[in-house]
There are 6 protein chains.
Amino acid sequence: MADVVCFGEIMLRLTAPGHERLLQSPRFETALGGAETNVAVALAGFGIDVAVATALPENPIGDAAVAALRGFGVGTDGISRRGKRMGIYYVETGSGYLGTRVTYDRTGSALATVGPCDFDWPAILAGARWLHISGITPALSEAAADATRTAVECARKLDVTVSCDANYRSKLWNYGASPASVMKEIVTGVDVLVAGADDFREMLDVVAEPADGGDYGSIFEALSEQAMTAYPNLSLMAGTWRDVRGANSNGWSGCLRCRDGFHRARYYDIGHIADRIGTGDAFSAGLIYSLLNDASPGEALEFAVATGCLNHAIPGDFHRTGVNEVRALLSGEGLARVQR
Amino acid sequence: MADVVCFGEIMLRLTAPGHERLLQSPRFETALGGAETNVAVALAGFGIDVAVATALPENPIGDAAVAALRGFGVGTDGISRRGKRMGIYYVETGSGYLGTRVTYDRTGSALATVGPCDFDWPAILAGARWLHISGITPALSEAAADATRTAVECARKLDVTVSCDANYRSKLWNYGASPASVMKEIVTGVDVLVAGADDFREMLDVVAEPADGGDYGSIFEALSEQAMTAYPNLSLMAGTWRDVRGANSNGWSGCLRCRDGFHRARYYDIGHIADRIGTGDAFSAGLIYSLLNDASPGEALEFAVATGCLNHAIPGDFHRTGVNEVRALLSGEGLARVQR
Amino acid sequence: MADVVCFGEIMLRLTAPGHERLLQSPRFETALGGAETNVAVALAGFGIDVAVATALPENPIGDAAVAALRGFGVGTDGISRRGKRMGIYYVETGSGYLGTRVTYDRTGSALATVGPCDFDWPAILAGARWLHISGITPALSEAAADATRTAVECARKLDVTVSCDANYRSKLWNYGASPASVMKEIVTGVDVLVAGADDFREMLDVVAEPADGGDYGSIFEALSEQAMTAYPNLSLMAGTWRDVRGANSNGWSGCLRCRDGFHRARYYDIGHIADRIGTGDAFSAGLIYSLLNDASPGEALEFAVATGCLNHAIPGDFHRTGVNEVRALLSGEGLARVQR
Amino acid sequence: MADVVCFGEIMLRLTAPGHERLLQSPRFETALGGAETNVAVALAGFGIDVAVATALPENPIGDAAVAALRGFGVGTDGISRRGKRMGIYYVETGSGYLGTRVTYDRTGSALATVGPCDFDWPAILAGARWLHISGITPALSEAAADATRTAVECARKLDVTVSCDANYRSKLWNYGASPASVMKEIVTGVDVLVAGADDFREMLDVVAEPADGGDYGSIFEALSEQAMTAYPNLSLMAGTWRDVRGANSNGWSGCLRCRDGFHRARYYDIGHIADRIGTGDAFSAGLIYSLLNDASPGEALEFAVATGCLNHAIPGDFHRTGVNEVRALLSGEGLARVQR
Amino acid sequence: MADVVCFGEIMLRLTAPGHERLLQSPRFETALGGAETNVAVALAGFGIDVAVATALPENPIGDAAVAALRGFGVGTDGISRRGKRMGIYYVETGSGYLGTRVTYDRTGSALATVGPCDFDWPAILAGARWLHISGITPALSEAAADATRTAVECARKLDVTVSCDANYRSKLWNYGASPASVMKEIVTGVDVLVAGADDFREMLDVVAEPADGGDYGSIFEALSEQAMTAYPNLSLMAGTWRDVRGANSNGWSGCLRCRDGFHRARYYDIGHIADRIGTGDAFSAGLIYSLLNDASPGEALEFAVATGCLNHAIPGDFHRTGVNEVRALLSGEGLARVQR
Amino acid sequence: MADVVCFGEIMLRLTAPGHERLLQSPRFETALGGAETNVAVALAGFGIDVAVATALPENPIGDAAVAALRGFGVGTDGISRRGKRMGIYYVETGSGYLGTRVTYDRTGSALATVGPCDFDWPAILAGARWLHISGITPALSEAAADATRTAVECARKLDVTVSCDANYRSKLWNYGASPASVMKEIVTGVDVLVAGADDFREMLDVVAEPADGGDYGSIFEALSEQAMTAYPNLSLMAGTWRDVRGANSNGWSGCLRCRDGFHRARYYDIGHIADRIGTGDAFSAGLIYSLLNDASPGEALEFAVATGCLNHAIPGDFHRTGVNEVRALLSGEGLARVQR
């Protein structure tokens, strides 16, 4: 179907206008989002042949989601039209000391209630080079965790590279299984893992002792060393780093460990954030794009961090810059100037 | 708690702008709606002491719904804060030959998943004169049907008048029970029933043979005669009548049968409809208001039809005129002129 | 200053979006309006050299009003910048049987609190051919009535033609004087009077006995005959005629009496009204435009009625068509077709 | 590339909000439109495999147009990315007696300045069953007329059916050639021609003598008879019929002549038009859809007229209903009722 | 009526969109605001039983204000429906070096023209524990100053604690009385006074000699010491501290003096302000909330400053966070992160 | 016609909402802009008698532009109504590391296709004291360059001071001529030149060797010294200085060389930029305003930089503050505080 397949839930995002709280005005801005779909849209914008595998209901909202993905050039043949509803999440955009708040309404969504035969993985992954998943899907329901496991197993059989963004969300994982019990198994099938400190602890039982004054890079250095020892299948780990000075003002960087080295990226001081959500997914997309194009690990990390940096400037989850704009940022051409 | 209690589901309404189809633009206008709540809001606007009994989740969307009802002066003490989500319905506003389309996303809503002890009916109905329900709640789930039955039984014990808007919706009633099996029992506890031809047939097994060329009034005359014979508890039945010349242009009237007579109301030719949804609920509110104020059946019918007529002019489900504006329409003061 | 001077209050108009009631959404569409200013804007759009005389406060709202008039090409040198506030009126746009509702907040406006020396009429009217006033200004306050009287007296001395739109508004006239006591004097200085049945009765003590079944034209024929006898200074009277079938659907025409005849205009069946307010002012503007351009009384009436007809299609009080569009309507070119 | 190829210009449509005149508010609603692309979008919505051939500049506006078409499922491989700009048209939405007004800004557009080698017709039409063009493209420039001719010639060689919507626009055709000189040649390559009275006269030199009181059907009957004699290549002609009672209220129907008969369609009385533009294109799409699906001529005509009827209800040029909604209208299921 | 009563004017706030200047676009965002009402809304959101005493006209704007307060759970029985208009204030939201600009249109408002018998203070304050006023009401008119005095006197008699936010506004106080002459008397009835350096100087004739390099805390320390000596009735004084680095970027803190000590609060560096207006009122609400809940003075100050800090993130005057969000900020939980 | 004449192109500006990318939502905010017109609007707002000379098409878009200028009090008699279209530019507002992006669609605009006789310069400049041009107009086309040359020559003959903002734009200058070949001649007729480092290099062949660590002021000092030697006609040169820390956060200052000295202005740290475009034009306007009012060079520079600083706070190209607000910023009155 496509070179890259991203498997995960896509939701309708309903955002209160400006910095308003939910229903302060009787209006929502709408968008679509979901960790793995965000990656797919970014990759499509970078010219990659990518498809999404997910489940969407047969109703006008599901139709609109399919049309939107098609508009971005994302393949939609792996979408199973089934189930009763598409999940929703509400967003209030914070500022200053009040963070952006996300309220989920994803109970009973099409992907959470998926059946064992809803995805024909050999067909979906036929000819693919890469499968991207995240730790969100296994958190939704037993059924969704099973589907994720099956997808990863099929990918391994077909020699498809598997990347996973661990993405631990404490408010999910309500169906009884512990994150670690599920994720430790799934990660044994993963090649490229994107994870942060919470993810290591909650999902992989990996905890590092941060030396006094140790910054995030040092912590990740220690954590990733342990994880790559514990999971010999992993060829590469990466993580992002965020200094939250305020809801609209963050420092941003990342680091990456491969089998033969550890890399830290340039640090970006993002003084005005248009939309925080989806920036980690843009990082993953930048990473996958670079690796697919045979970038060195260090280059891949820089491209990933720069992609995530630019994503802070774009409303909605989806990434909307071309490769050329990421390259301009990397080259120091003064992308922040007016471009005319 | 209040003179009138309305029991039923309240949903978040998401409307595409203007006459657009869903997600044609990335924006929704929001409102709240639900048959019984619409009645409550209209009654509050007419100065009646009214409260809503329903279930709403403990989240910002549920909070906003409670605040909105409070704003209209509707009592909210009978709202059980429970469950995972608030139902949603999407609206596309039709025009000409393309009707307004409603898409429901109410699976798993707080009221549909209510437990047997979530409502303390004796407390909720204490001191009340009137309970209003509709045939929508029993259509949601076994649990919701049980709650409706319990409410009606409690009302009868407390000598509270019960009104019911039959409101047959073919797309609901998915949990196994047939509408008639449930509704025929509930209706035995009802005093005032609002129903249309579909309702009679699907819910009460009452079918009239319309004489050739018989208009809606004649049909209702026949149907209601049979129904009031079959249900001796009913003191009054009413129904609305709509000539759909186009999505925005309807004829509108209603008729009413009481134990000692049959009444037909003035006919309104509504040439430009701002929002069709909720007009039947405004009719019910007008009827209840009048009966609570000891209007004669004929006056009550005229007031109800006029209230429903004005509701066509107001965006959203909720009614937003005072009694004075309904009276002005009834008095023929030329309400359609510019009022300055 | 200009060929035509229009004297009267200009207000900020705050309109609820769509057909919403006031503050149903937390948003207002803004515009400017006022009977005499509406005439001025329409005349400027027809290429007439026209100026407004009014009073506006020295604040950003007053500044914006001046800028807006300047944008339409209306002269603003006759605007006295004084007083504490600019009047406001709120608009809810009705539909079907619910008429558009206007709520005034014009207490203490700059024009209502004008002083005797705030307008230098000889300077304002120097070189003018025409002064237009309405019966609204004298309704605001003693001071405003005095200013109107002075303006008319000065016009007579300078041989400036005076037109007046009687515009009786029952909710104004709160300062003690009766409409008739004030207007009967002012009308003695008027050449061209636009009036309707209410105006004749309340302002001129002229009442006609409508023959049974008499239409508006017949009534106006009788009323205007009496009025032109009572006021020998009047050279021409005109009135508009409206069949209010609904808030958005009106029949529209007008008639005109001059010293040597009576004319009735073509009847327009306006099936969809975008904005009712200001249509009478557009009629007056069409009349003045035609008379300034030496049209015959019958032609002037037809042009005036057509201008008013088109004004129903334009949001806001202000008229926004050129002479060419009025002419196209008069010529029967099928203006209602798509123009491309 | 696709079963159906539509060749023609796509433009950015900038619409003033509501019924406002251009720039009355500092805002435009945006959409895309163009006669042949409108046909393609409607066909894609009906499940047809369709592609557009056009020229678009290499800039973000061109990118957005490509993405939008892709979103509708329209093939975009036949789009030549070239030239300096994409044409624009501005729309003011009329009401009552003031018609909708279109202002073009299409000078120097990518398609108007196309070169002789910009389209590889054999590749674009490879495997296609149908080519749709209109009389607008030849009106743009010599180069665009040449491209149209070449496309039709290539289609004939490849046995691809050719349909053409004559679409005479008096404000185009500015490059020196007369419409008839160009179109008479092109029509010799056409199988299915959609045309109206103006088109016959200006483009085909065919004029019928309407018998007194003859309605549009009779006129079209006469005109199409002459045209099908003059152009033996034509297998089918169709036209639409519009009674313009006001900018928002039209009667609508159509008729069709094939080699063995003449058909008139049901008449629709459209009382509230959301958007007039693109309705003729929806008619063409309905016709092509039906003929591709082996409908009888009479059925094809009814389907086409019903598609056009529904298109009046949808903002923007593009059609946005499924086949099921057209069928519901045809079956008399009361589509104008609220659908829930 | 309620535990806490807030007395003061409520106005309609009309805000230009985004950072536009007034009427740059023909649109206003609407909200309600007024120092004392802002306090009431914040308290209601914190779960306090609070009511507003004010005067509002009997018109749809007044109705909407009452409904809005009711929606927030604020008691409205103390609202006198009288007078001709509700005051208005216009807001332009600044950025960088251009500050937010407020233009008042409050002449002749209902509260400014209140009569001596319009408030039945013994009834309004019956059962209350706290009365909150500000120095704005006495600045409006003689009548409003009298009403304030009467309220405070009544509170003293009933042993109701009185808080006052001094809120000196140089553009008010136009009716002849000097601020000090009025406020010095009122303050003798106050227990808790919120004031800044301007307030001390203009209203209390208290001026401190700031030692060289003295920061705001030192100044307030000196000023409050003098004031608490001069006014032995005062049990507690508090003030806020703002470093205006730009219209959108402020430092924010506060300090508090009680009879047995002086406290300084944590300093917040607010890098992106969504809406500056009402932050001082949120501070007062946080203070009152804490004192009502028996917090220590130091805790009360920290809660008040944190409430004010969060209010900078919320559009409109009204506060819209729960106690839990203020607590999260105080606990250092990283509220600025995305909350999901 | 006016004291100051500004000659140059005016375009329609179409801005994506908020920080969205083009057509992310189907909506544009509209404005007008163009370097020289921006100067004219700012000057008019400062009370200067100023007119624009440009070419605009005879269509509703051209009409709206004329009306808008008239609204600002800018003279429009020097506007030649001709040509086929008005240029357009699209704006995406960046944030953080993603700069604002401008996409031009100005091919074939009225001014670019102007003929040699379209401007009657002696009439346009009659009585003027100042002509302002920029280096953008000569970049459009041969014809536009000719018109600029003719305007400058005529100004010299009439002793009108000429100012020029060099404004080098690399994406223009497509018609064959090199910037230097054209501009070096034009600059020989200029008295006051605003230029930056790019302009010196590309247009005047002037390059300075920045000493290591040399800031912009030092560079401009060197460049301007050379330029004023090379162009003895120049009496004054000025330039702005921008530290781009992010798309929304810039440092801003300027410097000025006159025949007897060099001046540097106060440095502004603009932490939140509402709209970057037009700030340089505001600088030029501030400079011209000051020089016309006989300010000293140093005062003129400070006023110019302050005007440009405030312009960053105002959406759209056009400046919208009065002289009083610039003065308040210069006087250090704390303009960033809330003004009430």
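Above this text sits the structure in question.
Reference entry: report on the structure contained in this document. The structure presented is a predicted model; accordingly, all values stated were derived computationally and were not measured.

**A short note on the overall build of chain A**
Each helix and strand counted, chain A has eleven helices and 14 strands in total. For 340 residues, the compact-globule estimate of 2.2 N^0.38 gives 20 Å, and the C-alpha radius of gyration of chain A, at 19 Å, lies within 12% of that figure. Dimensions of chain A along its principal axes, counting C-alpha atoms only, are 50 × 50 × 40 Å. When the 340 residues of chain A are sorted by exposure, 66% land in the buried category. For chain A, contacts bridging at least 24 residues in sequence account for 69% of all contacts bridging at least 6.

**Re the sheet that holds strand β2 (residues 11–15) of chain C**
Read across the sheet, eight strands follow the order β7(C)-β6(C)-β2(C)-β3(C)-β3(E)-β2(E)-β6(E)-β7(E) without closing on themselves; strand pairing throughout is mixed. At either end of the open sheet lies a strand with only one pairing partner, and these are β7 (101–105) of chain C together with β7 (101–105) of chain E. In this sheet, adjacent strand axes meet at a mean angle of 30 degrees when their direction is disregarded. Where strand β6 (residues 88–92) of chain C meets β7(C), five bridges bridge the pair, whose relative direction is antiparallel. Bridging across to β7(C), V91(C) finds its partner in V102(C).

**Brief notes about the relation of the copies chain B and chain A**
For the pair chain B and chain A, the superposition axis carries a translation of 0.0 Å, the fit reaches an RMSD of 0.0 Å, and the rotation angle comes to 180 degrees. Given the turn and translation reported, the copies of this chain are related as if by a two-fold rotation axis. Residue F28(B) of chain B places its C-alpha closer to the rotation axis than any other residue of that unit, at 2.6 Å. Taken as a fraction of all interface residues of chain B, those also at the interface in chain A reach 100%, which identifies the copy contact as same-surface.

**Structural notes on the sheet that holds strand β6 (residues 88–92) of chain B**
The strand order across the open sheet built from eight strands is β7(A)-β6(A)-β2(A)-β3(A)-β3(B)-β2(B)-β6(B)-β7(B), with neighbouring strands paired in mixed fashion. Strands at the two margins of the open sheet, each flanked by one partner only, are β7 (101–105) of chain A together with β7 (101–105) of chain B. Strand-to-strand twist of the sheet, defined as the mean angle between neighbouring strand axes without regard to direction, takes the value 30 degrees.

**A short note on the interface of chain B and chain A**
Contacts between the two partners involve 23 residues from chain B and, on the opposite side, 23 residues from chain A. Here chain B and chain A share two salt bridges between them. Where D105(B) meets R85(A), a salt bridge forms, and the shortest distance between an N and an O atom there is 2.6 Å. Along the contact surface separating chain B from chain A lie five residue pairs in polar contact (both at pLDDT 80 or more). Looking at the side of chain B that touches chain A, the elements that each hand over two or more residues are β2 (11–15), β3 (27–33), α2 (60–71), β6 and β7 of chain B. The element best represented in the side of chain B that touches chain A is β3(B), accounting for four residues. Across the side of chain B that touches chain A, the residue classes break down as twelve nonpolar, five polar and six charged. Examined bridge by bridge, strand β3 (residues 27–33) of chain A and β3(B) share three bridges and lie antiparallel to one another. Pairing of F28(A) across the sheet is with F28(B), part of β3(B).

Analysis parameters
Residue positions are given per chain, counted from 1 along the sequence in the order it is written. Each chain is given a letter, starting from A, and each ligand a number, starting from 1, according to the order in which they appear as written. For this predicted model, a pLDDT threshold of at least 70 governs which residues receive local features, and a threshold of 80 or more governs which side-chain atom pairs are given and counted, while totals over whole chains, interfaces and linings are taken from all residues. Hydrogen atoms and water are omitted, and side-chain values are computed over all heavy atoms in the structure. Secondary structure elements are taken from DSSP: a helix is a run of H or I of four residues or more, a strand is a run of E of two residues or more, and numbering for both begins at the N terminus. Using C-alpha atoms as the atom set, the radius of gyration is obtained and then compared with a globule rule of 2.2 Å times the number of residues to the power 0.38. Relative accessibility decides the category of a residue: with a 1.4 Å probe and only protein chains considered, values under 20% of the type maximum give buried, values over 50% give exposed, and everything between is partly exposed. Note on contacts: a residue pair is in contact if any heavy atoms of the two residues lie within 4.5 Å. Pairing between two strands requires that DSSP report at least two bridges joining them. Axes, fitted as lines to C-alpha atoms, cover a helix only where it is in contact. Angles between the N-to-C directions of the axes lie from 0 to 180 degrees. In this comparison the copies share one frame, found by least squares on the C-alpha atoms of residues holding pLDDT of at least 70 in both. Each salt bridge in this description consists of a side-chain nitrogen of Lys or Arg and a carboxyl oxygen of Asp or Glu lying within 4 Å of one another. Definition of a polar contact: a pair of N or O atoms within 3.5 Å, with one able to donate and the other able to accept a hydrogen when the atoms are protein atoms, and with sequence-neighbouring residues admitted only if both atoms are side-chain atoms. We call Asp, Glu, Lys and Arg charged. Ala, Val, Leu, Ile, Met, Phe, Trp, Tyr, Cys and Pro are nonpolar, and the rest, Gly among them, are polar.

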